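A look at the structure
Here are the chains, one letter per residue:
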Amino acid sequence: MSSRAQILDRLKSQTSSQEQVILPEFDVAYIGDPVSKFKTILGELYTEVIEVNSLSEVASFVTEKFDGKRMISNVETIDFPDTANWKEQDQHLLENVEFALFEGTLGVAENGAIWISDKQMGQRVAPFICQRLGIILKKSSIVPLMQQAYKNLDSSKSSFGTFISGPSKTADIEQSLVVGAHGSRELFVFLM
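Here's a quick rundown of the structure.

Concerning the pattern of salt bridges
- Enumeration according to the criterion identifies five salt bridges in this entry.
- Across the pair glutamate 51 and lysine 39 runs a salt bridge whose closest N-O atoms are separated by 2.4 Å. One end of the pair, glutamate 51, is in strand 1 (residues 47-51); the other, lysine 39, is in helix 2 (residues 34-44), with twelve residues separating them in the sequence.
- The class of glutamate 51 is partly exposed, set by a relative accessible area of 40%.
- Since its relative accessible area comes to 30%, lysine 39 is described here as partly exposed.
- Between arginine 132 and glutamate 98 there is a salt bridge, and its shortest N-O distance comes to 2.4 Å.

Side note on the packing of aromatic side chains
- Taken as a whole and judged by the stated rule, the model has eight aromatic pairs.
- Aromatic pair phenylalanine 66 and phenylalanine 99: ring centres 4.8 Å apart, planes at 20°, arrangement stacked. Here phenylalanine 99 lies in strand 3 (residues 99-103) and phenylalanine 66 lies in the loop between helix 3 (55-65) and strand 2 (71-73), a separation of 33 residues in the sequence. You'll find phenylalanine 66 and phenylalanine 99 in the same group, each marked buried.
- Feature note: the residues Phe61, Phe66, Phe99, Phe188 and Phe190 constitute an aromatic cluster, connected by ring pairs.

Quick notes on unusual backbone geometry
- Non-glycine residue tyrosine 46 carries a positive phi angle of around 60°.
- Mapped onto the elements of the fold, tyrosine 46 is located in the loop between helix 2 and strand 1.

Details of the pairing of strand 6 (residues 132-137)
- The element strand 6 is extensively covered by neighbouring structure, given that six of its six residues are classed as buried.
- Across the two faces of strand 6 the burial is the same, with Arg132, Gly134 and Ile136 and Leu133, Ile135 and Leu137 all buried.
- Here strand 3 runs beside strand 6; their pairing, made up of five bridges, is parallel. The partner of alanine 100 across the bridge, within strand 6, is leucine 133.
- With six bridges connecting them, strand 6 and strand 11 (residues 186-191) associate as parallel partners. Counterpart to leucine 133 in the pairing with strand 11 is leucine 187.

Procedures and definitions
Residues numbered from 1 in each chain as written. Predicted model: local features only at pLDDT ≥ 70, side-chain atom pairs only at ≥ 80, totals over all residues. Heavy atoms only, no water. Salt bridge = Lys/Arg side-chain N within 4 Å of Asp/Glu carboxyl O. Helix = DSSP H or I, 4+ residues; strand = E, 2+ residues; numbered from the N terminus. Buried < 20%, exposed > 50% of the residue type's maximum accessible area, 1.4 Å probe, protein only. Phe/Tyr/Trp six-rings, centres within 6.5 Å; stacked < 30°, edge-to-face > 60°. Pairing = 2+ DSSP bridges.

Given below as structure tokens:
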């Protein structure tokens, strides 16, 4: 038996002999209205939150704002001129995408994070390589806390996913905030 296996066996035996600790439930009252909190947090994270009633409103907003630029969509009913076949292209050909649109699975009020699975991305690199990112999210899918988000996610439905919260930011460069250093420079969240 290897030393690694011996260590793991000792840890397992110690864990199983101890009583299970039941964690307390979180009081989510401090969050208030999850949708309002979600919008507030996203606003603090340099994100534009746009409330819409239909997918056609989303398409109109995006087309008007990014007319003439390369736009892609992985939303079933919204097609842009460059949407055809982008999922099958070499990922390096996505480097000039100005705007990419996706649907989010759920949002977290306490930190403004939105879960997107690999199926919603089309290509894993797409939400990170585009200059501007748009995510459509239903208000009913916003949960107060991250713990609830993890409970609601079904990992068997996809092999990859990520939480996105605001555009890419870093303050490592000369101690000044740089937005868009290693991801999209802007995030638009369309709440339905």
